[in-house]
Amino acid sequence: MKGEGKIIMKSKMKWVGLVGLVLSAFSLFVHFLLARFSEEGISEYYQSSITIFSWRPVFENADLARNSPSYRRLWGPVRTLESLHPESNPRGHYDEPSLQSNGYIFVRIQGGFHEIRNSISDVVVISRLLNATLVIPEIQSTTSSKGISTEFKSFAYLYNEDQFMAALTKDIKVVKTLPKDLKGARRKKAIPSFRVPHSASPYFYLHKVLPVLNKHSVVELVISGGGCLQAILPPDLEEYQRLRCRVAFHALRFRQEVQELTTKILHRLRAPGRPFIGFDPGMTRDALAFYGCAELFQDVHTELIQHKRAWMIKRGVVKGKLSINSMEQRLKGSCPLMPEEVGILLRAYGYPSDTIIYVAGGEVFGGQRILTPLHAMFENVVDRTSLSAGWELNRIYGREVNLVGGYSTKTPPTVVKEKKLEEWKNAGPRPRPLPPPPARPKYPHNIEGWWGWVAESDNEPENTVMELRTNAHKLLWEAIDYMVCVEADVFIPGFEHDGKGHPNFASLVMGHRLYQSAASKTFRPDRKLVAKLLEQNHKHLYRANKTWLTSVRRHLRGSLIDGVKEAFKKSKPLSFLSHTVPECSCVRHDLPEIARNASATSNQSQVDAPLRVVHRCPAWMDGKISLTSKDKEVEEDLDEDLSSSSGFFRHSSGNHETEVGEINKEEAHLDDPEDLEGADK
């Protein structure tokens, strides 16, 4: 019996050991599984449950009532632009794409966000013009060689391919790749290629590209600098302008992950229940160098800008002197408005210190130091990083390979002593100089940073793989900023030109806002006049008097309309997407209201005449009038009753008031009759 008990005990121990081994193997399997998918799995579950981001809104002033005169003045629509509505559908006979095309157009696009967007719109128009099949464009900044995730293929890294193809089915044929035989020819570089000049004319494509396309059935277009087709087309090609609008504002949708994150950011911005301002500083190193604005910084950044300007002059991008008076450039309006100056303008207009300001743009040259004055004036200055968690941004990048950083592990080249000795022996008659010392080896850590490459060479340094990856990430950042700024209640740019003198990111935002919701407030300050106003009061910017504040308000209010007219003259000839009126807009008239309100007609004529908007909107739009004439009459009465507005640099919380700037009480309560009369503009 004892022997049997021992046998049973041993068998139980074996089973226990076997179960333990199975459990250990299972736990190891689970451990490796979690280690493999922790970033996208468990951590994502907890992070999606509780997302922590840095912005904590601070509000000291009571929220304005939506129907109050002050609210309408600061955030309300521009009345004279309310009748403009988007209308990019064909207006006459418009043939669908032919079943038999002349061949394939393969496009490689180089440049930044705004250049890519302009170029894609242009190549679609070119494909329609040449009756060609367009292959999904290849964006050079987002190819796999740039270190980005292999989950995406160039165009799909930024935009939704399926939406792009579906939206253009009635305009052109779009395919994802070339046929196999042409794809092989392209790899062998056996297909004709054109490096397209900026703003090429339709004549160039019809007489230079089309014959080659007919002969070889395929051409490759290499586009750099954005805009491969002239902005202003002949009147008989007006339908192609509307095609540009359909591409830019309907076909080009960002991929789902980017749109989802943008929706979250917008939700967090609007969660406090208050409107917000979108602000794009436009302060890039290229733009500052191109326009000669180096001396605005008066620090180490000046040397960086000058180095870039010298590089531009060497390559013919800039035609001018290296040294240029930045103060004169600023007074001419050729330099960006500094964030501090934009903050002063907004406070002068009446925006309180707790206004939410979203700072856009992939790069603010000078970093956070340049934005510090704006943070001091407004407590709720945010950007995409303060409205999203790190893991949320990482998620839109996809799974990327870890790049091995660090310094070079190669040993410096050894000095061949025999060769040096032989040269020394043959150096000539005595006394001979000492042998030359070996050249100092250059390690990457010796020339790291701007102080290294500025001193070492006149050329710009070559981008590392990590920098190329960051440039691809910047496209995603700017895509988020673009959508947020388009949806902002108010938008103000610091600068609207890039480092080549072309319209930049802010110009595209303003063009999209003009197309989508023309009446939304978009300030377009005249930098020359603003510089003059700031110089007049530069000793008392934070203690401005009533006359100066009135001048600033009058100018900003006027820029809502005058800026649109100026963009029609200056921006549109360079980039159609920066100003799509009148080709892609229509006018909606409420005839009974016009009969009762003669002022509406006079206001509308101020816009229609210079912008030449004559196309009548479809009948179904007439039923969607935002406000009745009675509501407008009530608003005008309230505007006349407006007796005070928020003071310059003045905070109020309940009944307690504190003046940050030393402003007289009678100056703090402004009663600007012109502001009141123009509040509904």
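Residues numbered from 1 in each chain as written. Predicted model: local features only at pLDDT ≥ 70, side-chain atom pairs only at ≥ 80, totals over all residues. Heavy atoms only, no water.

- Where an unreviewed UniProt entry is consulted, the protein appears under the name O-fucosyltransferase family protein, with the organism given as Rhizophora mucronata.
- According to UniProt, the comment filed for the protein under the heading Pathway (unreviewed entry) is "Glycan metabolism."
- What UniProt records for the protein under Subcellular location (unreviewed entry) is the sentence "Membrane". (UniProt positions renumbered as here; feature names shortened; annotations may be inferred.)

## Some points on the overall build of the protein
Next up, step 1: Per the secondary structure count, the protein includes 27 helices and 15 strands.
Next up, step 2: Here the protein holds 681 residues, and 48% of them are scored as buried.
Next up, step 3: Expressed as a percentage of contacts within the protein between residues at least 6 apart in sequence, the contacts between residues at least 24 apart total 81%.
Next up, step 4: For the protein, the accessible surface area stands at approximately 34700 Å², while carbon and sulfur atoms represent 56% of it. (Helix = DSSP H or I, 4+ residues; strand = E, 2+ residues; numbered from the N terminus. Buried < 20%, exposed > 50% of the residue type's maximum accessible area, 1.4 Å probe, protein only. Contact = heavy atoms within 4.5 Å. Areas by Shrake-Rupley, 256 points an atom, 1.4 Å probe, with all protein chains shown as cover.)

## Details of the sheet that holds strand 10 (residues 380–382)
Next up, step 1: Spatially, 5 strands are ordered 10-9-8-11-12 in an open sheet, and the strand pairing comes out parallel. Since the sheet does not close on itself, it has two edges, and those belong to strand 10 and strand 12 (521–522), each with one partner.
Next up, step 2: With 2 bridges connecting them, strand 11 (residues 490–493) and strand 12 associate as parallel partners. Looking at the pairing, Val490 lines up with Lys521 of strand 12. (Pairing = 2+ DSSP bridges.)

## What to know about the pattern of salt bridges
Next up, step 1: Overall, the coordinates contain 24 salt bridges when judged by the stated rule.
Next up, step 2: Among the ionic pairs, Glu115 bridges to Lys500, the shortest N-O distance being 3.5 Å. Note that Glu115 is positioned in helix 4 (residues 113–129) and Lys500 in the loop between strand 11 and helix 20 (505–516), a separation of 385 residues in sequence.
Next up, step 3: Its relative accessible area of 8% is what places Glu115 among the buried residues.
Next up, step 4: Ionic pairing is found between Glu392 and Lys264, a salt bridge with its closest N-O pair at 3.9 Å. Of this pair, Glu392 sits in helix 16 (residues 390–397) while Lys264 sits in helix 10 (residues 256–270), placing them 128 residues apart in sequence. (Salt bridge = Lys/Arg side-chain N within 4 Å of Asp/Glu carboxyl O.)

## Comments concerning the nonpolar core
Next up, step 1: Phe164, Tyr205 and Tyr358 are the most contacted members of the largest nonpolar core, which has 88 residues in total.
Next up, step 2: When residues of this core are assigned to their parent elements, the largest contribution, 11 residues, is made by helix 19 (residues 465–487).
Next up, step 3: Two domains each put at least three residues into this core: domain 1 (104–253) and domain 2 (258–283 + 336–399 + 465–578).
Next up, step 4: Ranked by size, the runner-up nonpolar core spans 44 residues in total, among them Val381, Leu514, Phe523 and Val613. (Core = buried A, V, L, I, M, F, W, Y, C linked by side-chain atoms within 4.5 Å. Domains from an automatic or database assignment.)

## Notes on the confidence of the model for the protein
Next up, step 1: Overall, the predicted model of the protein reaches an average pLDDT of 79, with 74% of residues at or above 70.
Next up, step 2: Throughout residues 591–601 the model reports pLDDT below 50, and contacts reaching past four residues in sequence, or to other chains, amount to 7 contacts.
Next up, step 3: Note that pLDDT drops below 50 for residues 624–647; the model gives that stretch 47 contacts with residues more than four away or on any other chain. (pLDDT = per-residue confidence, 0-100.)

## Some remarks on the environment of Val581
Next up, step 1: The topology assignment puts Val581 in the loop between helix 22 (546–570) and strand 13 (585–587).
Next up, step 2: When its relative accessible area of 0% is taken as the criterion, Val581 is described as buried.

## Some points on helix 9 (residues 238–251)
Next up, step 1: Across its 14 residues, helix 9 extends 19 Å between first and last C-alpha, which sits within 8% of the 20 Å expected from 1.5 Å per residue.
Next up, step 2: Across the 14 residues that make up helix 9, a large majority, 12, are buried.
Next up, step 3: Residues of helix 9 that are buried: Glu239, Tyr240, Gln241, Arg242, Leu243, Arg244, Cys245, Arg246, Val247, Ala248, Phe249 and Ala251.
Next up, step 4: On its buried face, helix 9 sits against helix 4, helix 6 (161–167), helix 19 and helix 20. (Expected span 1.5 Å × (residues − 1).)

## Topic: the state of the cysteines
Next up, step 1: What the rule picks out here adds up to 3 disulfides.
Next up, step 2: In this model Cys245 forms its disulfide with Cys584; the gap between the sulfur atoms is 1.9 Å. One quick way to see it: the torsion about the S-S bond of Cys245 and Cys584 is about 95°, and its sign makes the bridge right-handed. Of this pair, Cys245 sits in helix 9 while Cys584 sits in the loop between helix 22 and strand 13, and the two are 339 residues apart along the sequence. (Disulfide = S-S within 2.5 Å.)

## Brief notes about the packing of aromatic side chains
Next up, step 1: Taken as a whole, this structure holds 17 aromatic pairs when the rule is applied.
Next up, step 2: Aromatic pair Phe204 and Tyr205: ring centres 5.2 Å apart, planes at 85°, arrangement edge-to-face.
Next up, step 3: A relative accessible area of 18% places Phe204 in the buried class.
Next up, step 4: Residue classification places Tyr205 among the buried positions, given a relative accessible area of 0%.
Next up, step 5: On the numbers, 5.8 Å between centres and 25° between planes, the contact of Tyr349 with Tyr351 is stacked.
Next up, step 6: Taken together through their ring pairs, the aromatic side chains of Phe113, Phe155, Tyr159, Phe164, Phe254, Tyr482 and Phe505 make up a single cluster. (Phe/Tyr/Trp six-rings, centres within 6.5 Å; stacked < 30°, edge-to-face > 60°.)

## A word on the side chain of Asp122
Next up, step 1: Secondary-structure assignment places Asp122 in helix 4.
Next up, step 2: Accessibility expressed as a relative area gives 5% for Asp122, which makes it buried.
Next up, step 3: There is a polar contact of 3.0 Å between the side chain of Asp122 and the backbone nitrogen of Cys228.
Next up, step 4: Contact partners of Asp122, with chain neighbours within four places excluded, come to Gly227, Cys228, Leu229 and Arg244. (Polar contact = N/O pair within 3.5 Å; in protein donor to acceptor, adjacent residues only side chain to side chain.)

## Some thoughts on the packing of helix 4 against helix 19
Next up, step 1: Relative orientation of the contacting elements helix 4 and helix 19 amounts to 75°, with a least axis distance of 10 Å. It follows from the interaxial angle that helix 4 and helix 19 lie roughly perpendicular. Each of Phe113, Ile116 and Arg117 in helix 4 lies in contact with helix 19, whose residues at this interface are Leu475, Glu478, Ala479 and Tyr482.
Next up, step 2: For the contact of helix 4 with helix 19, the residue count by class is 5 nonpolar, no polar and 2 charged. (Axes fitted to C-alpha atoms, helices over the stretch in contact; angles between N-to-C directions. Parallel < 35°, antiparallel > 145°, perpendicular 65-115°, else oblique. Nonpolar A, V, L, I, M, F, W, Y, C, P; charged D, E, K, R; others polar.)

## Some details on the packing of helix 14 (residues 339–349) against helix 22
To describe two helices that pack against each other, one gives the angle between their axes and the distance between the axes.
Next up, step 1: Interaxial distance between helix 14 and helix 22 falls to 9 Å at its minimum, and their mutual angle equals 100°. By the angle class used here, helix 14 and helix 22 are roughly perpendicular. Touching Ile344, Leu345, Ala348 and Tyr349 of helix 14 are Trp548, Leu549, Val552, Arg553, Leu556 and Arg557, all from helix 22.

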